[in-house]
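Analysis of the macromolecular model
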Amino acid sequence: MKAKPKRRESSTDMDGPSLRVAWKDTQSLAAVWDVEEQQREAIEQRFAIPVGELPFVLRLYDITDRMIKNDGLDTYVDFDINFQCANWLLYGVESQRKYCVELGVRMIDGRYYSLKRSDHILPYVG
């Protein structure tokens, strides 16, 4: 008899890197990610390129008025990052807006591949 597969606790409880975002101050966010060795190997296998050579980006979505639909109308800004750092500051945000961040790979030809999306962050409360 087959055992039932475990249910995921939430939509954010997925295999892959962990990604968190928090307000640093009224004009910047801090994004922090953690990638285990097994996940690094999976990323390298997916792209057939060593992790250190992949062009990683943090994609900052403004979700104040619209949830992400991936229909070409989403409002976002890409930040080229050093993936080895494990954290990055994102400037140019507005304290009264709602955001989420996505860790991904943007190839030279412009194709974008999402690896993990953070939970959304509510407007800044100081």
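Up top is the structure these notes are about.
Now for a quick tour of the structure. Per-chain numbering applies: the sequence of each chain, read as written, is numbered from 1 onward. Note on the predicted model: pLDDT of at least 70 is required for a residue's local features to be given, and 80 or more for side-chain atom pairs to be given and counted; whole-chain, interface and lining totals, by contrast, use all residues. Remark: hydrogens and water are excluded; side-chain values derive from all non-hydrogen atoms of the structure.

It is worth spelling out the overall build of the protein chain at this point. Put simply, DSSP marks the helices as runs of H or I at least four residues long and the strands as runs of E at least two long, and each gets a number from the N terminus on. For the protein chain, the count of helices and strands is one helix and seven strands. Overall, the protein chain shows an N-to-C arrangement of helices and strands of β-β-α-β-β-β-β-β. Every accessible area reported is derived by Shrake-Rupley at a probe size of 1.4 Å, with residue values counting cover from the shown protein chains alone. Carbon and sulfur atoms form 49% of the exposed surface of the protein chain, whose accessible area is close to 8600 Å².

Here the phi dihedral of Ala48 falls at roughly 55°; this positive angle occurs in a residue that is not glycine. With respect to the helices and strands, the residue Ala48 is situated in the loop between α1 (37-47) and β3 (56-62). Although it is not a glycine, Asn70 adopts a positive phi angle of roughly 50°. One can find Asn70 in the loop between β3 and β4 (76-80).

Moving on to the packing of aromatic side chains. Here the aromatic set is Phe, Tyr and Trp, taking the six-membered ring for Trp, and pairing holds for ring centres within 6.5 Å; pairs whose planes are under 30 degrees apart are stacked, those over 60 apart are edge-to-face, and all others are tilted. Going through the model one piece at a time under the given rule, you end up with five aromatic pairs. Aromatic side chains Trp23 and Tyr124 sit 5.7 Å apart centroid to centroid with 75° between the ring planes, which places their arrangement in the edge-to-face category. With Trp23 in strand β1 (residues 18-25) and Tyr124 in the segment after β7 (112-117), the pair connects residues that are 101 residues apart, well separated along the chain. Burial classes follow relative accessibility: with a 1.4 Å probe on protein chains only, a residue under 20% of its type's maximum area counts as buried, one over 50% as exposed, and anything between as partly exposed. Look at Trp23 and you get buried, because its relative accessible area is 17%. Taken together, a centroid distance of 3.8 Å and an interplanar angle of 10° make the contact between Phe56 and Phe83 stacked.

Counting 26 residues, the largest nonpolar core has Leu29, Phe56 and Leu58 as its most contacted members. The leading source of residues in this core is strand β6 (residues 99-106), at four residues. The contact criterion used is simple: two residues touch if any of their non-hydrogen atoms lie within 4.5 Å. If sequence neighbours within four positions are ignored, Leu29 has contacts with Val21, Ala22, Trp23, Lys24, Leu60, Trp88, Leu89, Leu90, Val93, Tyr99 and Ile121. Working definition of a nonpolar core: buried Ala, Val, Leu, Ile, Met, Phe, Trp, Tyr and Cys residues. They are joined through side-chain atoms within 4.5 Å.

A word on α1. Those residues of α1 lying buried are Gln39, Ile43 and Phe47. For α1, the arc enclosing every buried residue in end-on projection is 60°, short of the 170-degree limit, so these residues lie on one face. Residues of α1 that are exposed and point over 90 degrees away from its buried face: Gln38 and Gln45. Positive phi shows up at Ala48, right after α1, with a value of about 55°. Summarising the geometry, the arc corresponds to the directions from the helix axis toward the C-beta atoms.

Next up on the list: the side chain of Ser28. Within the element layout of this structure, Ser28 appears in strand β2 (residues 28-34). The exposure class of Ser28 is buried, given its relative accessible area of 1%. Here a polar contact is taken to be a pair of N or O atoms separated by no more than 3.5 Å, where protein atoms must pair a possible hydrogen donor with a possible acceptor and residues adjacent in sequence count only if both atoms sit in side chains. Among the polar contacts listed, one links the side chain of Ser28 to the side chain of Asp25, at a separation of 2.9 Å. Once residues within four sequence positions are removed from consideration, Ser28 is found in contact with Trp23, Leu90, Tyr91 and Val93.

Within the secondary structure, Ser118 sits in the segment after β7. Excluding anything up to four places from it in sequence, Ser118 contacts Leu19, Val21, Cys100 and Val101.

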